[in-house]
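# Close look at the chain arrangement
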Amino acid sequence: MIKGTLYTTHCPQCVVLESLLKDNNVEYDVVTDIKVMRAKGFLSAPRFEVDGKIMDMKETMIWLKETK
């Protein structure tokens, strides 16, 4: 099973991405700490990280399609 980290502020896009991850049976930890996100250089959320690869929402949606 795939496991990743979802960086979220619970904005509408974040909620949609979290739902997509659940629908695709992807396990993930949730990080909501803005300081952690800024330290990683994020200027926006959501971000999803798997095996050291950090993806924005569009990249994560493509990744989900490719991993099916």
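Quick look at the structure, then.

### Notes on the overall build of the chain
Within the chain, the secondary structure is distributed over 3 helices and 4 strands. Helices and strands appear in the chain in the N-to-C order β-α-β-α-β-β-α. Computed over C-alpha atoms, the radius of gyration of the chain comes to 11 Å, within 12% of the 11 Å expected from 2.2 N^0.38 for 68 residues, which places it in the range of a compact globule. Taken over 68 residues, the chain has a buried fraction of 37%.

### Looking at the state of the cysteines
Applying the stated criterion to the full structure yields 0 disulfides. Take Cys14: it sits in no disulfide, and the sulfur closest to it among the cysteines is that of Cys11, at 3.1 Å. For Cys14, a relative accessible area of 1% translates into the label buried.

### Remarks on the pairing of strand E1 (residues 3–7)
Most of E1 is tucked away: 4 of the 5 residues are buried. When E1 meets strand E2 (residues 27–31), the two strands line up parallel, connected through 5 bridges. The partner of Lys3 across the bridge, within E2, is Glu27. In terms of handedness, the path from E1 via helix H1 (residues 12–23) over to E2 forms a crossover that is right-handed. By the bridge criterion, 3 bridges tie E1 to strand E3 (residues 47–50) in an arrangement that is antiparallel. The residue of E3 that forms the bridge with Tyr7 is Arg47.

### Overview of the side chain of Glu18
Here Glu18 shows up in helix H1. For the buried Glu18, no salt bridge exists, and the shortest N-O distance to an oppositely charged side chain is 4.1 Å, to Lys22. Ignoring any residue separated from it by four or fewer positions in sequence, one finds Glu18 in contact with Leu6, His10, Tyr28 and Val30.

### Topic: the pairing of E3
Side chains on a regular strand alternate between the two faces of the sheet. The alternating pattern of E3 places Arg47 and Glu49 on one face and Phe48 and Val50 on the opposite face, and all of these are buried. Relative to strand E4 (residues 53–55), E3 runs antiparallel, the two being bridged by 3 bridges. Counted as the bridge partner of Phe48 is Met55 from E4. Hairpin geometry of E3 and E4 is characterised by an intervening segment of 2 residues between the two adjacent antiparallel strands and by a positive phi of about 50 degrees at Asp51.

Calculation notes
- Residues numbered from 1 in each chain as written.
- Predicted model: local features only at pLDDT ≥ 70, side-chain atom pairs only at ≥ 80, totals over all residues.
- Heavy atoms only, no water.
- Helix = DSSP H or I, 4+ residues; strand = E, 2+ residues; numbered from the N terminus.
- Rg over C-alpha atoms; globule rule 2.2 N^0.38 Å.
- Buried < 20%, exposed > 50% of the residue type's maximum accessible area, 1.4 Å probe, protein only.
- Disulfide = S-S within 2.5 Å.
- Pairing = 2+ DSSP bridges.
- Right-handed = clockwise from strand over helix to strand, strands pointing away.
- Lys, Arg positive; Asp, Glu negative; His and termini not counted.
- Salt bridge = Lys/Arg side-chain N within 4 Å of Asp/Glu carboxyl O.
- Contact = heavy atoms within 4.5 Å.

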